Amino acid sequence: MTEQPSNELITLRDLLRFAVSRFNEAKLYFGHGSDNAWDEAAYLLLHHLHLPLDRLEPFLDARLTSEERGSALRLIDRRVNERLPAAYLSKEAWLGVHRFYVDERVIVPRSFIAELLHERLAPWIDEPDEIGAVLDLCTGSGCLAIIAAHAFPAARVDAVDLSADALAIARRNVADYELGERIRLLQGDLFSGLGGRRYDLIIANPPYVGAAAMASLPAEYRHEPELALASGEDGLDLTRAILGGAQQHLQPAGLLVVEIGHNRDALEAAFPETPFTWLDTSAGDQYVFLLHRDELP
């Protein structure tokens, strides 16, 4: 660990300034819950000191104990030198008001579908309380399955992932939200273990990183499971498989909602006859598409 001037860092304000400077100096990559050094430093320090995440101002000039200062400096050091995503350091990730446990066995949750589920997929779903069955493909930590269970209180949710490690994390999160009776976790390759079961809604945030992008990922992303990121040469292997299998698992009026990263142009070129509806998110309308069952290729 690099020698730090800990005797000069007296308050949380001091430590926060120091963390921001170190993060910027190290040219860290942000993309796992924050997009800048200030927000990430504030989050990590507030979490580490067991302070409310939304109440920085009252504590800025509070003095730290020597033990708090030392452990906080070690945390900053790990973020800089190991390039670990903040979520792996805190063992938690947030999607809106929902908190999830995470570690290196699972991708850090970050999905625009979560935003849409918080709005209960309005206006595309007229009667959210009548949704009876939801399928979450590539569930990872179980985050979207859990948010879907809250959005559609009458629904039973099947959550599928190929990774046993990811499902172990999902099981913990489902238990934390006491949703074990409504969410069924299944290990399998997309639709392979579902038999003839059909759903009112299928959601998926599958791997969508192409080969060239995988080769140039920032160090922070290389801590995540490759299985949760890579999807063939153009990033569309999993999306093609989902489009190919969704029809036989949707109810006649069912909907498919899929997140595809930066692959909109490639997807539309690959499926020129498919009438994708692109949903508005906080980052724009190019990341998540919706299809009715009868629109599937």
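Up top you'll find the structure we're talking about.
Residues numbered from 1 in each chain as written. Predicted model: local features only at pLDDT ≥ 70, side-chain atom pairs only at ≥ 80, totals over all residues. Heavy atoms only, no water.

**Comments concerning the packing of helix H1 (residues 12–25) against helix H3 (residues 66–81)**
For clarity, the threshold we go by: Axis definition: a line fitted to C-alpha atoms, limited for helices to the stretch in contact. Angles are taken between N-to-C directions and run from 0 to 180 degrees. Each helix is a run of DSSP H or I of at least 4 residues and each strand a run of E of at least 2, with the numbering of both proceeding from the N terminus. By the definition adopted for this analysis, an angle is roughly parallel if under 35 degrees, roughly antiparallel if over 145, roughly perpendicular if from 65 to 115, and oblique otherwise. By convention the crossing between two helices is left-handed if the near helix lies anticlockwise of the far one by an angle smaller than a right angle, and right-handed if it lies clockwise. Note on definitions: a residue-residue contact is assigned when non-hydrogen atoms from the two residues lie within 4.5 Å. Charged means Asp, Glu, Lys or Arg here, nonpolar means Ala, Val, Leu, Ile, Met, Phe, Trp, Tyr, Cys or Pro, and polar covers whatever is left, Gly included.
Two elements in contact, H1 and H3, have axes whose closest approach is 10 Å; the angle formed by their N-to-C orientations is 15°. For the element pair H1 / H3, the angle class is roughly parallel. Note that H1 runs across H3; the crossing there is right-handed. For the pair H1 and H3, contact is made by Leu15, Phe18, Ala19, Arg22 and Phe23 and by Ala72, Leu73, Ile76, Asp77, Arg79, Val80 and Asn81, respectively. Broken down by class, the residue content of the contact of H1 with H3 amounts to eight nonpolar, one polar and three charged.

**With respect to the pattern of salt bridges**
Convention followed: Salt bridge, as used here, is a side-chain nitrogen of Lys or Arg placed within 4 Å of a carboxyl oxygen of Asp or Glu.
A full pass over the atoms with the stated rule returns 17 salt bridges. When the shortest N-O distance is used, the salt bridge between arginine 105 and aspartate 103 registers 2.8 Å. With a closest N to O distance of 3.5 Å, aspartate 237 and arginine 240 form a salt bridge. Taken together, the residues aspartate 237 and arginine 240, both in helix H9 (residues 237–245) and three residues apart, mark about one turn of the helix.

**Some details on the pairing of strand E1 (residues 92–95)**
The cut-off we apply is this: Pairing between strands is defined by DSSP: at least two bridges between them are needed.
In terms of strand pairing, E1 meets strand E2 (residues 98–101) through four bridges, oriented antiparallel. Opposite glutamate 92, over in E2, you have tyrosine 101 as the bridge partner.

**Quick word on the nonpolar core**
Across soluble globular proteins, you tend to see nonpolar side chains buried next to one another. Stated precisely, the cut-off is as follows: In these notes, a set of buried Ala, Val, Leu, Ile, Met, Phe, Trp, Tyr and Cys residues joined through side-chain atoms within 4.5 Å is what counts as a nonpolar core. Under the scheme applied here, a residue whose accessible area is under 20% of the maximum for its type counts as buried, over 50% as exposed, and between as partly exposed, the area being computed with a 1.4 Å probe on protein chains only.
The biggest cluster of nonpolar side chains holds 39 residues, and the ones touching the most others in it are Leu15, Leu16, Phe23, Leu45 and Ile76. Going through the elements one at a time, H1, helix H2 (37–48), H3, helix H4 (86–90) and helix H7 (164–176) are the ones with two or more residues in this core. Among all residues touching leucine 16, those that are not within four sequence positions of it are Trp38, Ala41, Ala42, Leu45, Leu56 and Leu60. Ranked by size, the runner-up nonpolar core spans 33 residues in total, among them Val157, Ala159, Leu201 and Val288.

**What about the pairing of strand E4 (residues 156–161)?**
Rules: Every crossover in which the path from the first strand over the helix to the second runs clockwise, viewed with the strands pointing away from the viewer, is termed right-handed.
Counting buried residues along E4, five of its six residues qualify, which places the element largely inside the surrounding structure. In this sheet, E4 lies alongside strand E3 (residues 133–137) in parallel orientation, the contact comprising five bridges. Residue alanine 133 lies in a different strand from E4, and its bridge partner there is arginine 156. Crossover handedness for the path E3 to helix H6 (residues 143–151) to E4: right-handed. Strand direction decides the pairing type here: E4 and strand E5 (residues 183–187), joined by five bridges, are parallel.

**A closer look at H3**
Stated precisely, the cut-off is as follows: To estimate the expected span of a helix, count its residues, drop one, and scale the result by 1.5 Å.
For H3, with 16 residues, the first-to-last C-alpha span of 22 Å sits near the 22 Å given by 1.5 Å per residue. What H3 keeps buried is the set Arg69, Ser71, Ala72, Leu73, Leu75, Ile76, Asp77, Arg79 and Val80. Contacts made by the buried residues of H3 are with H1, H2 and H4. Positive phi appears at arginine 83, one or two residues downstream of H3, with a value of about 55°.

**Describing the side chain of glutamate 220**
Mapped onto the secondary structure, glutamate 220 falls in the loop between helix H8 (211–215) and H9. For glutamate 220, the contacting residues outside a window of four places in its chain are Leu28, Tyr29, His32, Arg79, Arg83 and Pro85.

**What about the sheet that holds strand E8 (residues 277–278)?**
The strand order across the open sheet built from seven strands is E5-E4-E3-E6-E7-E9-E8, with neighbouring strands paired in mixed fashion. Single-partner strands in this sheet number two, and they are E5 and E8. Against the sheet, H7 engages E4 and E5, with an angle of about 170° to E5.

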